[in-house]
Amino acid sequence: MRVGLIGVGNMGGRIGRRLHESGIEIRGFHRDAAKVERWSIEAASSLDELVAWADVVALCLPDSPAVESVLLGEAGVIAQLRPDQSVVDFTSALPASTRKLAALAAARGAGYVDAPVSGGARSAEIGSLTIMAGGTRDAIDSLRWLFAPIAGTVHHMGASGSGHTTKILNNFLSAISLAATSEAMVGARLAGLDPARFLDVVSTSSGRSYATETRFPAIVRGDYLEANGGISIDLMVKDMVSFLDVAAELDIPSYTGPGALAAFKTAVALGYGDSINNRVVDAIGDVAGGVRLADTATDASAASTSA
């Protein structure tokens, strides 16, 4: 089975390289072929060539408008699909758009699975991503060979769009914990606490989260984990807006969503939009007077820990 990959950024490139290293035939498309080849993936000369060659067309793009720009129209991917092909969308996209695209693919006899991923760039490199998939059971089962090299777990969440709904809800929780932990960490710094010691306390207390356990231990050392990739603050804003759209569609009251969105929008306004989303702590620190967590040893750090 041959995979044509559209979208070769931080996540798409790592997913593609992982597939290649597992022995799967894969080609990628980007207007700049060098951006494909840097991930050890063969570059297709055109989108038409890629679709004609592939059994599965995989997407790893920034958002639904980007997906629709590639798939729709007379020259789009869907217009070229054959009944024996499938589209797999790893993008964090809008469920309503996904359902529309899946219906159009089905009209041509082709499969369509939304399969957004979680776990970050490091998990993509070692093949331990979590996939939350939407589509028919048969369609998802037919793609197990594709998911196996990149994912530790694959969850079938329901009909088309269910995977993307799950991803939006997950990213909402991620954004909330990241923004809230940033505020708490800046507060700890301003109160004269040792940030590393504060994290030690939180890690065994009720305030612990993915942010406190995996992100901030590195951040307090001055490492924002940018070397391992991760979505930007701009994309986090997109995901938060997507959550609020879904919340409105489902008539869910959201009291915490607007606050977290405001934190990330503030970071964009301060020039951090292209930075990894962990930099939201610096934006909050800027507003608090220029607070940074790294290199902040206090007298407390040398104090005895005995009762």
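The preceding data block contains the structure.
Small disclaimer: the values here were computed from a predicted structure and weren't measured.

Colleague: Hey, could you go over the nonpolar core for me, with residue numbers and the actual values?
Modeller: Membership of the largest hydrophobic core comes to 33 residues, with the highest contact counts inside it found for F216, F264, V280, V281 and L293. Look past the residues within four positions of F264 in its chain and what remains in contact with it is A175, L178, A179, I233, M236, V237, N277 and V280. In terms of nonpolar packing, the next biggest core, distinct from the first, is built from 31 residues, I24, V36, A58 and L146 among them.

Colleague: Break down the pairing of strand β2 (residues 25–29) for me, with residues and values.
Modeller: Burial runs high along β2: four of the five residues are buried. Relative to β2, strand β1 (residues 2–6) is paired through five bridges, and the arrangement is parallel. Following the sheet pairing, I6 is matched in β2 by F29. One crossover worth recording links β1 to the parallel β2 by way of helix α1 (residues 10–21), and it is right-handed. Relative to strand β3 (residues 42–43), β2 runs parallel, the two being bridged by two bridges. For G28, the partnering residue across the bridge sits in β3 and is A43.

Colleague: Go over the pattern of salt bridges with me, naming the residues and quoting the values.
Modeller: Under the definition given, this model contains 14 salt bridges. With a closest N to O distance of 3.5 Å, E42 and R27 form a salt bridge. Of this pair, E42 sits in strand β3 while R27 sits in strand β2; the two residues are 15 residues apart in sequence, bridging distant segments of the chain. Judged by relative accessible area, which is 47%, E42 ranks as partly exposed. For R27, a relative accessible area of 18% translates into the label buried. Here R144 ties to D141 by a salt bridge, and the two come within 3.2 Å at their closest N and O atoms. Here the residues in one salt-bridge network are E226, R279, D282, D286 and R292, joined through shared partners.

Definitions and limits used
For every chain, the first residue of the written sequence is number 1, and numbering continues from 1 along that sequence. Only residues with pLDDT of at least 70 get local features here, since the model is predicted, and only at 80 or more are side-chain atom pairs given and counted; chain-wide, interface and lining totals rely on the full set of residues. Water and hydrogen atoms play no part in the side-chain values, which are based on all heavy atoms of the structure. Definition used in this section: a nonpolar core is a set of buried Ala, Val, Leu, Ile, Met, Phe, Trp, Tyr and Cys residues joined via side-chain atoms within 4.5 Å. Each residue is placed in one exposure class: buried if its accessible area under a 1.4 Å probe, protein chains only, is under 20% of its type's maximum, exposed if it is over 50%, and partly exposed if it falls in between. Whether two residues are in contact is decided by their heavy atoms, any of which lying within 4.5 Å being enough. Helix and strand assignments come from DSSP, with helices taken as H or I runs of at least 4 residues and strands as E runs of at least 2, each series counted from the N terminus. For two strands to be treated as a pair, DSSP must find at least two bridges joining them. Looking down the strands as they point away from the viewer, one classifies a crossover as right-handed if the path from the first strand across the helix to the second runs clockwise. Each salt bridge in this description consists of a side-chain nitrogen of Lys or Arg and a carboxyl oxygen of Asp or Glu lying within 4 Å of one another.

Treat this as a map of the structure, not an account of what it does.
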